[in-house]
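Read off the chains here:
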Amino acid sequence: MGLAICRAIVDMFGGEFFMDSEHGKKNIASFWFPCEMKDIYKDL
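Throughout what follows, the structure given in this document is the object of discussion. (Residues numbered from 1 in each chain as written. Predicted model: local features only at pLDDT ≥ 70, side-chain atom pairs only at ≥ 80, totals over all residues. Heavy atoms only, no water.)

1. Here we look at the overall build of the chain
- A count of helical and extended segments in the chain gives 1 helix and 2 strands.
- When the elements of the chain are put in sequence order from the N terminus, they spell out α-β-β.
- Projecting the C-alpha coordinates of the chain onto the three principal axes gives extents of approximately 55 × 20 × 15 Å.
- When burial is assessed residue by residue, the chain has 7% of its 44 residues classed as buried.
- Taken as a whole, the chain presents about 4,500 Å² of accessible surface, with 60% of it coming from carbon and sulfur. (Helix = DSSP H or I, 4+ residues; strand = E, 2+ residues; numbered from the N terminus. Buried < 20%, exposed > 50% of the residue type's maximum accessible area, 1.4 Å probe, protein only. Areas by Shrake-Rupley, 256 points an atom, 1.4 Å probe, with all protein chains shown as cover.)

2. Some words on the pairing of strand β2 (residues 27–32)
- Pairing analysis gives 6 bridges linking strand β1 (residues 16–21) to β2, with the strands arranged antiparallel. Note on β2: the bridge partner recorded for M19 is A29.
- What sits between β1 and β2 in their antiparallel hairpin is a turn of 5 residues, with G24 showing a positive phi close to 80°. (Pairing = 2+ DSSP bridges.)

3. Here we look at the packing of aromatic side chains
- According to the stated counting rule, one finds 2 aromatic pairs in the structure shown.
- A ring pair is formed by F13 and F33, whose centres lie 5.6 Å apart and whose planes are at 85°; its orientation type is edge-to-face. On the criterion of sequence distance, the pair formed by F13 in the loop between α1 (2–12) and β1 and F33 in the segment after β2 is long-range, its members being 20 residues apart.
- We classify F13 as exposed; its relative accessible area is 53%.
- Here F33 falls in the partly exposed class, since its relative accessible area comes to 35%.
- Consider the rings of F31 and F33, whose centres lie 5.4 Å apart with planes at 65°: the pair is edge-to-face.
- Through a chain of ring-to-ring contacts, the aromatic side chains of F13, F31 and F33 assemble into a single cluster. (Phe/Tyr/Trp six-rings, centres within 6.5 Å; stacked < 30°, edge-to-face > 60°.)

Now the structure itself:
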């Protein structure tokens, strides 16, 4: 259920969720979100 919630949140923000697993080994969950880089120093 936890991964389903994570995937729903990622989908809401327009990102992608990936799951990689091998039998008897580690499972890897990864995701990315689209975002903008902001220049936080422009007003200094």
